[in-house]
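Observations on chain architecture
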Amino acid sequence: MASAVFLADQGLRVLIVEKSDKYGGTSAISGGGIWIPNNHYFARKGGKDSAELALTYLQAAAGDQVDEGRLRAYLDNAPKMIETLTRTSRVRYAVADKYPDYYPHLPGALPGGRTLDPELFDTSELGEELNHLRKPSPTTLLMGRIAWTARDAHKAMARGFGWQLLILRLMLRYKLDFKWRRKSQYDRRAALGSSLVAALRRSLMDRDVPLWLNTDFSGVLSDNGRITGVSVVRDGQPLTLRARLGVILGSGGFEQNQALREQYLPQPTRMAWSATPPGNNTGAALQAGIAQGAATALMDWAWWAPTIAVPGEDKPRGIFAERAFPGAIVVNGNGQRFVNEAAPYLEFVDAMYRDNQVTGGNSVPAWVIFDGQFRQHYAMGPLMPAQVMPDSRLRKEWRNTLYFKAETLAELAQLIGVDGDGLENTVAKVNDYARDGIDPDFGRGGNVFDRYYGDSTVKPNPCLAPLRKGPFYAMRMDAGDIGTKGGLLTNADAQVVREDGQPIEGLYAIGNCSASVMGTSYPGAGGTLGPALTFAFVAANHLASQR
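Here we summarise the structure given alongside this text.

Rules of the game
- Residues numbered from 1 in each chain as written.
- Predicted model: local features only at pLDDT ≥ 70, side-chain atom pairs only at ≥ 80, totals over all residues.
- Heavy atoms only, no water.
- Helix = DSSP H or I, 4+ residues; strand = E, 2+ residues; numbered from the N terminus.
- Expected span 1.5 Å × (residues − 1).
- Bend = angle between axes of the 7 residues up to and from the residue.
- Polar contact = N/O pair within 3.5 Å; in protein donor to acceptor, adjacent residues only side chain to side chain.
- Contact = heavy atoms within 4.5 Å.
- Buried < 20%, exposed > 50% of the residue type's maximum accessible area, 1.4 Å probe, protein only.
- Pairing = 2+ DSSP bridges.
- Axes fitted to C-alpha atoms, helices over the stretch in contact; angles between N-to-C directions.
- Core = buried A, V, L, I, M, F, W, Y, C linked by side-chain atoms within 4.5 Å.
- Salt bridge = Lys/Arg side-chain N within 4 Å of Asp/Glu carboxyl O.

**Considerations on helix H5 (residues 68-88)**
Its 21 residues place the ends of H5 30 Å apart at the C-alpha level, agreeing with the 30 Å of an ideal helix rising 1.5 Å per residue. At asparagine 77, H5 shows its maximal bend, which comes to roughly 35°, and the proline proline 79 appears one to four places after that position. The backbone nitrogen of glycine 69 lies 2.9 Å from a side-chain oxygen of the residue at the head of H5, namely aspartate 67.

Given below as structure tokens:
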């Protein structure tokens, strides 16, 4: 969608084809944040950043996994992209100046300013097109229906000053919008990834760029090594679409293709564990590129995120912020911790797989354990705090499926098949750590990123609290993802390249169907969408230059 906006503004005719009957894909259910070093929003607030500082950080994070030319293309173009998008489209962002980079210990990291958070967007501007916008994930909405920015969500979760008044204001804004609530139970405003997608769709409408829904991509067309179009099936009708200048693949990864998961990803692996929309990202672009001789990279990696399956929902929910809340721990089948629970989600699932190899299959799945005190005050997946959603109001079918509950740790361990002695010993150790605020095993709460989602009212460590008050609870965590990381290898111009490094003329790949410019790292919130939008800008400019 972004590349189409950039191309249309250069006078080119563009067509977008979308496989499903909804537009927005994974982006629409995401947080919508973009990681843009040296951006103008941060600079306006007096922030200090530079491309060289960010390059130092990325090289430390990604090592030698990514060509420096691609890294520099990203860092040079990311600020230009967001400035252009802000100036020419309906897309609006604000800087999350307190959201730290994910690896604060690495050189070049910043304690905030590189992640941008979408502003709210009034969806009434979409007219009938609102009906085709993919609905946001319930986890991204206050009370499942009220839009709020990531900045607001963070303030509430961390219990920052005035968080209760903030929630009251948001609820009143929603309740008083009588006219809109007669049309829909959902907020008129879109937030997070839904805001980004809605703003892009409105921007496409401003430019009369067509977007075909229910149009399945079946392959690229080539002539003497140059890509000349695509073959699609629209509403059951096979069509050939010719492209004068080129084709940009932006179709997502292959996480919804079990055969490809079995071929490339660590085992065990299940597409049912992925938090992305079922049936969407099946690797069609990847396979089409490979058929044209494209090189690939990072095929054994995903944008890992632990997930919890909710009965009756079509996809599991990613668990992002909740792992940092004090009073919950994650254990393997031996009842032992194996990771800093507040770690970035990519590293969290990577640790699940690493521990699974060591323990012989006891950490995939893992289990999050918490007590009645945690349950009273904090959310965990679909379980809202008991002070607003007591156990008596939870769906009966959730008991012993979504969550397990027992009066003692020993009983809980037996319910979920975890070693009871191991769990009790682990809880005893964590309770000691909470007293002093130091986790000698994994350093939980020991850096600015961990503490971002901690409870600021808990001392001395906002991420550590004892587990003492029954009943005790457990929920299963799977080795999920928010997309695959590996894909078609591209150059600094977003062109797909062959094994010898030469570009396939007329073929570009952006987003998760391309190999990530971040390598196996996840440098900050928006590390997927930031490069996706940036290389959309790069691809559009390079393609337009071929006229």
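**With respect to the side chain of aspartate 391**
By the secondary structure assignment, aspartate 391 is in the loop between helix H13 (372-377) and strand S18 (404-406). Within the structure, aspartate 391 has its side chain in polar contact with the side chain of arginine 375 (distance 2.9 Å). Looking at aspartate 391, its side chain comes within polar contact range of the side chain of tyrosine 473, at 2.6 Å. In contact with aspartate 391, not counting residues within four places along its chain, are Arg375, Lys405 and Tyr473.

**Observations concerning the pairing of strand S17 (residues 366-371)**
Of all the six residues making up S17, six are buried; the element is thus mostly covered by neighbouring parts of the structure. Of the two faces of S17, the one carrying Ala366, Val368 and Phe370 and the one carrying Trp367, Ile369 and Asp371 are both buried. As paired strands, strand S16 (residues 328-331) and S17 are joined by four bridges and run antiparallel to one another. By the bridge assignment for S17, valine 330 is matched with valine 368. Where S17 meets strand S19 (residues 472-477), six bridges bridge the pair, whose relative direction is antiparallel. Looking at the pairing, alanine 366 lines up with methionine 477 of S19.

**Considerations on the sheet that holds S18**
Pairing is antiparallel across the open sheet formed by four strands, whose spatial order is S16-S17-S19-S18. With partners counted over all chains shown, the strands left at the sheet margins are S16 and S18, one partner each. Averaged over all pairs of adjacent strands, the angle between strand axes in this sheet comes to 25°, irrespective of strand direction. Where helix H15 (residues 420-436) meets the sheet, it contacts S16 and S17, and its direction lies at approximately 140° from that of S16.

**Re the nonpolar core**
The tendency in soluble globular proteins is for nonpolar side chains to be buried as a group. Membership of the largest hydrophobic core comes to 139 residues, with the highest contact counts inside it found for Tyr74, Tyr93, Leu249, Phe370 and Met475. Considering every element that reaches this core, the biggest residue donor is helix H17 (residues 529-544), with ten residues. Among all residues touching tyrosine 74, those that are not within four sequence positions of it are Trp35, Ile36, Pro37, Leu58, Val517, Met518, Gly530, Pro531, Thr534 and Phe535. Of all hydrophobic cores here, the second largest spans 20 residues; its members include Val331, Tyr433, Ala434 and Leu464.

**Section: the pattern of salt bridges**
Between side chains of opposite charge, pairing is possible as soon as their charged atoms come close. Taken as a whole and judged by the stated rule, the model has 31 salt bridges. Where lysine 45 meets aspartate 97, a salt bridge forms, and the shortest distance between an N and an O atom there is 3.1 Å. Of this pair, lysine 45 sits in the loop between helix H3 (40-44) and helix H4 (51-62) while aspartate 97 sits in the loop between strand S3 (93-95) and strand S4 (115-118), and the two are 52 residues apart along the sequence. Among the residues examined, aspartate 97 registers a relative accessible area of 33% and is labelled partly exposed. Here arginine 188 ties to aspartate 177 by a salt bridge, and the two come within 2.8 Å at their closest N and O atoms. Placement of the pair is arginine 188 in the loop between helix H8 (178-181) and strand S6 (189-190) and aspartate 177 in the loop between helix H7 (163-175) and H8, with a sequence separation of eleven residues. Taking relative accessible area as the criterion, arginine 188 reaches 17% and is therefore assigned buried. Each of Arg90, Glu125, Arg202 and Asp206 takes part in a single network of salt bridges with overlapping partners.

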